[in-house]
Amino acid sequence: MTISARGASVLAVLTGLCVTSVTLAAPPSWSNARHEDYDYAPVVRAEPIVRQVRVETPRRECWDDARTVESRPHISEPAVGGRTLLGGIIGGVIGHQFGSGSGRDAATIAGAAIGAGVGYDSARRAHGTSTTQEVVQRCEVRYQDQYEERIDGYRVTYRYNGREYTTRMPYDPGSKIRVRVAVAPAE
């Protein structure tokens with residue numbers, strides 16, 4: 001295969017461009033550029049960093065409480081209802097004796113109401129009030145403080161090129177740690 005003069009000059013220009021771009025891409029030996037690489041270093045020790053945390057725990061406490069309940073006779077009981085009704089009728093009859101016209105109607109109603117009250121009080125006194133003890137469960141929520149230890153990270157000591165270094169990590173790295181090695185010229 002033969003290359004013409006014109007093709008040879010194009011090839012020379014392209015080769016020159018490639019060499020120039022590679023030369024420009026690489027930093028010169030006198031520059032301050034850093035070269036970074038990664039390596040592994042053995043871990044000497046990994047100590048957990050522990051902190052105390054306060055935790056509030058709700059606790060429900062219940063107890064039985066006795067209370068006295070007073071019960072009055074109810075109007076639905078026959079003896080109480082009968083006396084109240086009888087008092088209302090007697091009071092209405094007495095009230096009807098006073099006044100005339102619409103005043104008589106008002107006196108009848110007032111007499112019936114007063115008579116019913118008197119009849120109920122009479123029945124309550126006759127039957128009395130009864131008291132009973134009732135057990136009621138009462139509950140209350142109280143908070144109890146507890147302190148727990150939490151691991152906040154690890155203080156890791158590792159050895160690289162004969163020197164020891166210490167760093168803080170969020171986890172235990174195990175037996176080795178990945179380190180970044182940077183090479184830069186000394187000034």
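Up top is the structure these notes are about.
Cut-off values and rules
Residues numbered from 1 in each chain as written. Predicted model: local features only at pLDDT ≥ 70, side-chain atom pairs only at ≥ 80, totals over all residues. Heavy atoms only, no water. Helix = DSSP H or I, 4+ residues; strand = E, 2+ residues; numbered from the N terminus. Contact = heavy atoms within 4.5 Å. Patch = residues over 30% accessible without salt bridge, like charges linked within 9 Å, V, L, I, M, F, W, Y side chains within 5 Å. Areas by Shrake-Rupley, 256 points an atom, 1.4 Å probe, with all protein chains shown as cover. Salt bridge = Lys/Arg side-chain N within 4 Å of Asp/Glu carboxyl O. Expected span 1.5 Å × (residues − 1). Buried < 20%, exposed > 50% of the residue type's maximum accessible area, 1.4 Å probe, protein only. Arc of directions from axis to C-beta. Pairing = 2+ DSSP bridges.

> Would you mind going over the environment of Glu-134 with me for this structure?
Among the structural elements, Glu-134 can be located in strand β2 (residues 130-160). It is 5.6 Å that separates the C-alpha atoms of Glu-134 and Ala-66, two residues lying 68 residues apart in sequence. The contacts of Glu-134, once residues within four sequence positions are left out, are Asp-65, Ala-66, Arg-67 and Val-69.

> What's the story with a nonpolar patch on the surface in this structure? I'm lost.
On the surface, a nonpolar cluster with roughly 420 Å² of combined accessible area is contributed by Leu-86, Ile-90, Ile-94 and Phe-98. With respect to the element layout, Ile-90 can be found in helix α2 (residues 78-96).

> Teacher, can you tell me more about α2 here?
Because an α-helix completes one turn every 3.6 residues, residues spaced three or four positions apart along the sequence face the same direction. Its 19 residues place the ends of α2 27 Å apart at the C-alpha level, agreeing with the 27 Å of an ideal helix rising 1.5 Å per residue. Taken together, the buried positions of α2 are Val-80, Gly-81, Thr-84, Gly-87, Gly-88, Gly-91, Gly-92 and Gly-95. Down the axis of α2, the smallest arc covering the buried residues is 135°, so these residues share one side. Opposite the packed face of α2, turned more than 90 degrees from it, sit the exposed residues Pro-78, Leu-85, Leu-86 and Ile-89.

> What am I meant to see in the pairing of strand β3 (residues 163-169) here?
Each regular strand shows side chains that alternate between the opposite faces of the sheet. Relative to β3, β2 runs antiparallel, the two sharing seven bridges. When the bridges of β3 are listed, Thr-157 appears paired with Thr-166. Between the antiparallel neighbours β2 and β3 lie two residues, among them Asn-161 with a positive phi of about 50°.

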